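The primary structure of each chain is shown beneath.
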Amino acid sequence: MKHLVAGNWKMNHTSREAAEFARRLIEKMKPRPSADVWIFPPFMLIQAMVKAFEKSDVRIGGQNMHHEKKGAFTGEVSADQLLDAGAKAVIIGHSERRQIFQETDAQVNLKVKAALAAGLAPVMCVGETLAERESGRTSDVVLSQLRAGLKSIDRKSVATLEIAYEPVWAIGTGRTATPAQAAEVHALVRKELREILGDAGAGIRILYGGSVKPDNAKDLMSRPDVNGCLVGGASLDADSFAGIIFGAQ
Ligand code: PGA
């Protein structure tokens, strides 16, 4: 399975900074990487980044979307609007959406279905908090988010689905899950994906996210069922992002 290295810029970068990033990353990717590379900039930079990367294989995506097709939802964007801007993918249910914006499993489920129906590849995020891990509830939490997010999903529709396991305690903290910790949860997620989706569950990539850096990416992605990574802070700088991309060889 080809690795996927995805960069989630969150609420960072102006258009000038993004253009400079694109210029540097394109330069760095002259020997073509073997991994897929996706970048998730803020909404208003999507079109410019699609243009900047048009001659490369880099795909651009949104960091969130609303599940309705259109209407009175101030501040939201739809799957069709993301596609119209040139996006090919969308992050759904990131822990910051769940925690800061109170996004529920039910909303995540609606969004995943709407993204798949529209033709956008959803990257659905799951992950436990520190308190949940310390009380031994990691697998309960992760698997219940997975089941709820994929509730009543059509097995035939999931070819473009990606899952990201992101332990909340590792996001932006510099505290990465060890490769063994990541591999343990990824194996559980793989087993559950097979249960929920049958054979289709075997081909879905499971990304690890949480303080991925050039110096730990290679080890993480060499583990079974760690099929790539979702990178926050280290995706903002072209040099460090390239270091992670080429660590996935
Ligand atoms: P981080 O963020 O790499 O800065 O920890 C990862 C994420 O939130 O996707």
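We now turn to the structure provided with this report. Please read all numbers here as calculations on a predicted model, not as lab measurements.

### Observations concerning the environment of L110
Turning to step 1, where the next piece is worked out: With respect to the element layout, L110 can be found in helix α5 (residues 105–118).
Turning to step 2, where the next piece is worked out: Take L110: its relative accessible area is 39%, and that puts it in the partly exposed class.
Turning to step 3, where the next piece is worked out: The spacing of L110 and H67 is 43 residues in sequence and 5.8 Å in space, taken between C-alpha atoms.

### Things to note about the site of the ligand
Turning to step 1, where the next piece is worked out: Surrounding the ligand, one finds 13 residues, the nearest of these being K10, H94, E166, G172 and S211.
Turning to step 2, where the next piece is worked out: At 2.7 Å from an oxygen atom of the ligand is found a side-chain nitrogen or oxygen belonging to K10.
Turning to step 3, where the next piece is worked out: In the environment of the ligand, an oxygen atom lies 2.8 Å from a nitrogen or oxygen atom belonging to the backbone of G232.
Turning to step 4, where the next piece is worked out: Compared with its free state, where it exposes 280 Å², the ligand has 97% of that area covered by protein.

### Thoughts on the sheet that holds strand β8 (residues 228–231)
Turning to step 1, where the next piece is worked out: If you trace the eight strands once around the closed barrel, you get β1-β2-β3-β4-β5-β6-β7-β8, paired in parallel fashion. Neighbour-to-neighbour, the strand axes of this sheet turn through a mean angle of 25 degrees, independent of strand direction.
Turning to step 2, where the next piece is worked out: Note that strand β4 (residues 89–92) and strand β5 (residues 121–126) share four bridges and pair parallel. Along β5, the bridge assignment pairs I91 with V123.
Turning to step 3, where the next piece is worked out: Docked against the sheet, helix α7 (residues 138–149) engages β5 and β6 (162–165), running at close to 150 degrees with respect to β5.

### Some details on the layout of surface pockets
Turning to step 1, where the next piece is worked out: Computed from the structure, the largest pocket encloses a volume of approximately 460 Å³.
Turning to step 2, where the next piece is worked out: Residue lining of the largest pocket: 20 residues in total, with K10, Q63, N64, R97 and F101 positioned closest to the centre.
Turning to step 3, where the next piece is worked out: With three residues, helix α4 (residues 95–100) is the single largest residue contributor to the lining of the largest pocket.
Turning to step 4, where the next piece is worked out: Its residues assigned to classes, the lining of the largest pocket comprises ten nonpolar, six polar and four charged.
Turning to step 5, where the next piece is worked out: Each pocket or cavity is described by its volume, and for the second largest pocket that value is around 300 Å³.
Turning to step 6, where the next piece is worked out: Taken together, the residues that form the lining of the second largest pocket break down as six nonpolar, one polar and six charged.

Parameters and conventions
Residues numbered from 1 in each chain as written. Predicted model: local features only at pLDDT ≥ 70, side-chain atom pairs only at ≥ 80, totals over all residues. Heavy atoms only, no water. Helix = DSSP H or I, 4+ residues; strand = E, 2+ residues; numbered from the N terminus. Buried < 20%, exposed > 50% of the residue type's maximum accessible area, 1.4 Å probe, protein only. Near = heavy atom within 4 Å. Polar contact = N/O pair within 3.5 Å; in protein donor to acceptor, adjacent residues only side chain to side chain. Areas by Shrake-Rupley, 256 points an atom, 1.4 Å probe, with all protein chains shown as cover. Pairing = 2+ DSSP bridges. Axes fitted to C-alpha atoms, helices over the stretch in contact; angles between N-to-C directions. Contact = heavy atoms within 4.5 Å. 1 Å grid on protein atoms, 1.4 Å probe; cavity = no way out; pocket = protein on both sides within 12 Å on 5 of 7 lines; lining within 4 Å. Points joined across faces, edges and corners; volume = space filled by probe spheres on them. Nonpolar A, V, L, I, M, F, W, Y, C, P; charged D, E, K, R; others polar.

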